[in-house]
Amino acid sequence: MSFKHIHMMAEDDDDPMLSAVNLVDVFLVLVVALLTAVAAQSQSNAEENVTIIRNPGQPNMEVVVRENGKEIKFKGAGSAGAGEGQRAGVAYKLKDGNIVYVPESGASAPKPATAGQGAR
């Protein structure tokens, strides 16, 4: 073995650019891995069923429902419970969080629609 070959190997190991290039490669691999993780997380969130209420209690309240990748928006009319109707009963919330509906004694059951009238 000649000393000329040993001297050439020693020169290659002292090059500071080799370590910088290796660091750049490592950081590129980390960036690609992080971008892949973010993309996978955003795709899994798109498939979830989500309900969002924007500006609750305000006249411009909006409810956004996302189900199976489809988004449906409901906008408030500015008033709660406006329209025709009659009181049908009372709802009570129990301590455990369940809601119980109790029909009023004078409330009658709704009349079923006949074939000629159609439901409204």
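Remember, it's a predicted structure, so these values are computed and weren't measured experimentally.

Here's the deal with the pattern of salt bridges
Opposite charge on two side chains permits them to pair, given that their charged atoms come into close proximity. Using the criterion set out here, one finds three salt bridges in the structure. Across the pair glutamate 62 and arginine 54 runs a salt bridge, and its minimum N-O distance is 3.6 Å. Ionic pairing is found between glutamate 104 and arginine 87, a salt bridge with its closest N-O pair at 2.5 Å. One end of the pair, glutamate 104, is in the segment after strand S5 (99-103); the other, arginine 87, is in the loop between strand S3 (70-75) and strand S4 (89-93), and 17 residues separate them in sequence. Judged by its relative accessible area of 30%, glutamate 104 is partly exposed.

Re unusual backbone geometry
The backbone phi angle of asparagine 55 is positive, close to 55 degrees, even though this residue is not glycine. With respect to the element layout, asparagine 55 can be found in the loop between strand S1 (50-54) and strand S2 (62-67). Note on asparagine 55: relative accessible area 40%, which makes it partly exposed.

Looking at the pairing of S2
Within a regular strand, side chains alternate between the sheet's two faces. Where S1 lies against S2, five bridges are found, and the strand directions are antiparallel. Paired with isoleucine 53 across the bridge in S2 is valine 63. By the bridge criterion, six bridges tie S2 to S3 in an arrangement that is antiparallel. Along S3, the bridge assignment pairs glutamate 67 with lysine 70. With antiparallel pairing between neighbouring strands as the criterion, S2 and S3 make up a hairpin whose turn holds two residues, including asparagine 68 at a positive phi of roughly 55 degrees.

What to know about the side chain of glutamate 62
In this structure, glutamate 62 sits in strand S2. The class of glutamate 62 is buried, set by a relative accessible area of 12%. Sequence-distant contacts of glutamate 62, defined by excluding residues within four places in its chain, comprise Ile52, Ile53, Arg54, Lys73, Phe74 and Lys75.

As for the sheet that holds S3
With antiparallel pairing, the three strands of this open sheet are ordered in space as S1-S2-S3. At either end of the open sheet lies a strand with only one pairing partner, and these are S1 and S3. On average, adjacent strands in this sheet sit at an angle of 15 degrees to one another, irrespective of strand direction.

Calculation rules
Residues numbered from 1 in each chain as written. Predicted model: local features only at pLDDT ≥ 70, side-chain atom pairs only at ≥ 80, totals over all residues. Heavy atoms only, no water. Salt bridge = Lys/Arg side-chain N within 4 Å of Asp/Glu carboxyl O. Helix = DSSP H or I, 4+ residues; strand = E, 2+ residues; numbered from the N terminus. Buried < 20%, exposed > 50% of the residue type's maximum accessible area, 1.4 Å probe, protein only. Pairing = 2+ DSSP bridges. Contact = heavy atoms within 4.5 Å. Axes fitted to C-alpha atoms, helices over the stretch in contact; angles between N-to-C directions.

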